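Examination of the molecular architecture
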Amino acid sequence: AYSKGIPILLENPKSSRLWLMPNMIQLLGDTEHEAVHVDYCQYGDAAWRKPTTFITWNMPGLKLNRCDNFKQTGLCSRTGKPHTSLVGKKNGTFLTKLAEPYPYEMCIQIATHVVRRVTSTDTLGGAIASPADAHVYGDIQDGSTGLSL
(Lines give C-alpha, C1' and ligand atoms only; values in the text may rest on other atoms or scores of the structure.)
Protein backbone atom coordinates (compact mmCIF):
# COMPACT_ATOMS: atom_id res chain seq x y z
CA ALA A 1 0.00 0.00 0.00
CA TYR A 2 2.77 2.43 0.96
CA SER A 3 4.77 1.95 -2.24
CA LYS A 4 1.59 2.32 -4.35
CA GLY A 5 0.73 5.67 -2.79
CA ILE A 6 -2.37 4.47 -0.96
CA PRO A 7 -3.15 6.62 2.10
CA ILE A 8 -2.50 4.89 5.43
CA LEU A 9 -3.35 6.03 8.98
CA LEU A 10 -2.16 4.49 12.24
CA GLU A 11 -3.55 5.76 15.55
CA ASN A 12 -2.56 5.24 19.17
CA PRO A 13 -2.49 7.33 22.33
CA LYS A 14 0.33 9.86 22.25
CA SER A 15 1.91 8.17 25.30
CA SER A 16 1.56 4.64 23.86
CA ARG A 17 4.49 2.28 24.09
CA LEU A 18 3.81 1.41 20.44
CA TRP A 19 5.82 4.47 19.42
CA LEU A 20 8.82 3.10 21.39
CA MET A 21 8.85 -0.40 19.87
CA PRO A 22 11.99 -1.11 17.81
CA ASN A 23 9.98 -2.23 14.75
CA MET A 24 7.90 0.97 14.86
CA ILE A 25 10.99 3.14 15.24
CA GLN A 26 12.54 1.37 12.25
CA LEU A 27 9.35 1.68 10.16
CA LEU A 28 9.13 5.40 10.88
CA GLY A 29 12.82 5.81 10.10
CA ASP A 30 12.54 3.97 6.80
CA THR A 31 9.40 5.64 5.43
CA GLU A 32 8.19 9.13 4.62
CA HIS A 33 5.36 9.90 7.01
CA GLU A 34 3.77 12.63 9.09
CA ALA A 35 2.93 12.56 12.80
CA VAL A 36 -0.34 14.36 13.53
CA HIS A 37 -1.27 15.06 17.14
CA VAL A 38 -4.82 15.71 18.33
CA ASP A 39 -6.60 16.37 21.61
CA TYR A 40 -10.18 15.08 21.81
CA CYS A 41 -11.24 18.00 24.04
CA GLN A 42 -11.22 20.20 20.96
CA TYR A 43 -14.25 18.42 19.50
CA GLY A 44 -17.92 18.19 20.47
CA ASP A 45 -18.74 17.27 24.06
CA ALA A 46 -15.38 15.70 24.94
CA ALA A 47 -14.38 17.01 28.38
CA TRP A 48 -11.16 14.97 28.39
CA ARG A 49 -7.95 15.89 26.63
CA LYS A 50 -6.96 12.38 25.49
CA PRO A 51 -3.82 13.27 23.50
CA THR A 52 -3.64 10.97 20.48
CA THR A 53 -1.17 10.56 17.62
CA PHE A 54 -1.96 9.60 14.05
CA ILE A 55 0.90 8.57 11.78
CA THR A 56 -0.01 9.10 8.15
CA TRP A 57 1.61 7.82 5.01
CA ASN A 58 0.77 9.05 1.51
CA MET A 59 -1.60 11.74 2.74
CA PRO A 60 0.35 14.85 3.71
CA GLY A 61 -1.24 17.87 5.27
CA LEU A 62 -3.74 16.34 7.71
CA LYS A 63 -4.41 18.94 10.41
CA LEU A 64 -6.27 18.10 13.60
CA ASN A 65 -7.13 20.30 16.56
CA ARG A 66 -4.84 20.60 19.59
CA CYS A 67 -5.37 22.00 23.06
CA ASP A 68 -3.01 24.92 22.57
CA ASN A 69 -2.77 26.49 26.00
CA PHE A 70 -2.97 23.40 28.21
CA LYS A 71 0.72 23.42 29.11
CA GLN A 72 0.60 27.10 30.11
CA THR A 73 -2.72 27.23 31.96
CA GLY A 74 -3.74 23.65 32.69
CA LEU A 75 -7.12 24.48 31.15
CA CYS A 76 -8.81 23.42 27.93
CA SER A 77 -8.22 25.97 25.18
CA ARG A 78 -11.75 25.39 23.82
CA THR A 79 -13.80 25.51 27.03
CA GLY A 80 -11.48 27.30 29.48
CA LYS A 81 -12.22 24.56 32.01
CA PRO A 82 -10.08 21.81 33.53
CA HIS A 83 -10.13 18.51 31.62
CA THR A 84 -11.99 15.51 33.03
CA SER A 85 -9.50 12.96 34.28
CA LEU A 86 -10.04 9.51 32.76
CA VAL A 87 -9.62 7.71 36.08
CA GLY A 88 -12.25 5.62 37.80
CA LYS A 89 -15.86 4.84 36.95
CA LYS A 90 -19.07 6.74 36.32
CA ASN A 91 -22.35 4.85 36.68
CA GLY A 92 -20.37 1.60 36.70
CA THR A 93 -18.51 2.33 33.46
CA PHE A 94 -14.81 3.07 33.33
CA LEU A 95 -14.24 6.64 32.16
CA THR A 96 -11.66 5.39 29.69
CA LYS A 97 -14.47 3.43 28.00
CA LEU A 98 -16.49 6.63 27.58
CA ALA A 99 -13.53 8.27 25.84
CA GLU A 100 -12.95 5.44 23.34
CA PRO A 101 -15.06 6.65 20.41
CA TYR A 102 -13.49 9.14 18.05
CA PRO A 103 -15.21 12.53 18.24
CA TYR A 104 -17.62 12.86 15.31
CA GLU A 105 -16.20 16.20 14.16
CA MET A 106 -12.69 14.75 14.11
CA CYS A 107 -13.93 11.85 11.96
CA ILE A 108 -15.39 14.33 9.48
CA GLN A 109 -12.07 16.21 9.37
CA ILE A 110 -10.12 13.00 8.70
CA ALA A 111 -12.62 11.62 6.17
CA THR A 112 -12.67 14.91 4.26
CA HIS A 113 -8.89 14.94 4.09
CA VAL A 114 -8.73 11.30 2.93
CA VAL A 115 -11.35 11.89 0.22
CA ARG A 116 -9.50 14.95 -1.03
CA ARG A 117 -6.24 13.01 -1.06
CA VAL A 118 -7.65 9.94 -2.82
CA THR A 119 -9.46 12.00 -5.45
CA SER A 120 -6.52 14.31 -6.14
CA THR A 121 -4.62 13.92 -9.39
CA ASP A 122 -1.31 13.32 -7.62
CA THR A 123 -2.46 10.09 -5.94
CA LEU A 124 -1.78 6.78 -7.68
CA GLY A 125 -1.00 8.62 -10.90
CA GLY A 126 -4.51 9.94 -11.48
CA ALA A 127 -7.84 10.79 -9.98
CA ILE A 128 -10.13 8.11 -8.63
CA ALA A 129 -13.39 9.49 -9.94
CA SER A 130 -15.90 6.81 -8.96
CA PRO A 131 -16.33 3.49 -7.16
CA ALA A 132 -15.89 1.83 -10.56
CA ASP A 133 -12.24 2.85 -10.35
CA ALA A 134 -11.76 0.82 -7.17
CA HIS A 135 -9.85 -1.81 -9.18
CA VAL A 136 -6.82 0.41 -8.58
CA TYR A 137 -6.96 -0.90 -5.02
CA GLY A 138 -7.36 -4.52 -6.13
CA ASP A 139 -4.46 -5.78 -4.04
CA ILE A 140 -6.12 -4.66 -0.81
CA GLN A 141 -9.70 -5.69 -1.55
CA ASP A 142 -9.16 -9.14 -0.02
CA GLY A 143 -9.02 -8.45 3.71
CA SER A 144 -7.39 -11.84 4.35
CA THR A 145 -4.16 -10.74 2.69
CA GLY A 146 -3.65 -7.74 4.98
CA LEU A 147 -1.76 -4.60 4.18
CA SER A 148 1.95 -4.27 3.98
CA LEU A 149 4.27 -1.35 3.48
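Throughout what follows, the structure given in this document is the object of discussion. (Residues numbered from 1 in each chain as written. Predicted model: local features only at pLDDT ≥ 70, side-chain atom pairs only at ≥ 80, totals over all residues. Heavy atoms only, no water.)

**What about the pattern of salt bridges?**
To be explicit about the condition: For this analysis, a salt bridge means a side-chain nitrogen from Lys or Arg found within 4 Å of a carboxyl oxygen belonging to Asp or Glu. Elements are defined by DSSP. Helices are runs of H or I of four residues or more, strands are runs of E of two residues or more, and each kind is numbered from the N terminus. Only protein chains enter the accessibility calculation, which uses a 1.4 Å probe; a residue is then buried when its area is under 20% of its type maximum, exposed when over 50%, and partly exposed in between.
In total, this model carries three salt bridges according to the counting rule given. One salt bridge in this structure joins arginine 49 and aspartate 39, with 3.4 Å as the shortest N-O distance. Taken together, the residues arginine 49 in the loop between strand 2 (34–39) and strand 3 (51–57) and aspartate 39 in strand 2 connect sequence positions 10 residues apart. A relative accessible area of 1% means that aspartate 39 is categorised as buried. Where lysine 97 meets glutamate 100, a salt bridge forms, and the shortest distance between an N and an O atom there is 3.1 Å. Using a relative accessible area of 46% as the deciding quantity, one classes glutamate 100 as partly exposed. Within this structure, Asp39, Arg49 and Arg66 form a network of salt bridges that share partners.

**So, helix 4 (residues 104–118)**
Going by this rule: For a helix, the expected span equals 1.5 Å multiplied by the residue count minus one. The arc refers to the directions leading from the helix axis to the C-beta atoms. We call two residues in contact when some of their heavy atoms are within 4.5 Å.
In a regular helix each residue adds 1.5 Å, so 15 residues correspond to 21 Å; helix 4 covers 21 Å between its end C-alpha atoms and thus fits that length. Those residues of helix 4 lying buried are Met106, Ile110, His113, Arg117 and Val118. When helix 4 is viewed along its axis, its buried side chains cluster within an angular range of 125° and face the same direction. Residues of helix 4 that are exposed and point more than 90 degrees away from the buried face comprise Tyr104 and Arg116. Tucked inside the fold, the buried residues of helix 4 contact strand 1 (8–13), strand 2 and strand 3.

**Digging into the sheet that holds strand 1**
Paired through backbone hydrogen bonds, the strands of a sheet run either parallel or antiparallel to each other. Stated formally: A pair of strands is considered paired only if DSSP assigns at least 2 bridges between the two. Only the contacting stretch of a helix is used when fitting its axis, a line to C-alpha atoms as for every element, and angles between N-to-C directions run 0 to 180 degrees.
Spatially, the three strands line up as an open sheet ordered 1-3-2, and their pairing is antiparallel. Of all the strands in the sheet, the pair left with one neighbour each is strand 1 and strand 2. Neighbour to neighbour, the strand axes of the sheet diverge by 25° on average, direction disregarded. Two elements, strand 2 and strand 3, share six bridges in a ladder whose sense is antiparallel.

**Digging into the packing of aromatic side chains**
Aromatic ring pairs are defined here through the distance separating the ring centres and the angle between the ring planes. Note the cut-off: Under the pairing criterion, centres of Phe, Tyr and Trp rings, with the six-membered ring standing for Trp, must be within 6.5 Å; the plane angle then separates stacked pairs below 30 degrees from edge-to-face pairs above 60, leaving the rest tilted.
Summed over all chains, the structure comprises two aromatic pairs. Between phenylalanine 54 and tyrosine 102, the ring centres sit 6.1 Å apart and the planes meet at 50°, which makes this aromatic pair tilted. With phenylalanine 54 in strand 3 and tyrosine 102 in the loop between helix 3 (95–98) and helix 4, this residue pair connects regions lying 48 residues apart in the sequence. Under the relative-accessibility criterion, phenylalanine 54 is labelled buried at 3%. By relative accessible area, which is 37% here, tyrosine 102 ends up partly exposed.

**Digging into the environment of valine 118**
Position of valine 118 relative to the elements: it lies in helix 4. The exposure class of valine 118 is buried, given its relative accessible area of 16%. Sequence separation between valine 118 and methionine 59 is 59 residues; the distance between their C-alpha atoms is 8.4 Å.

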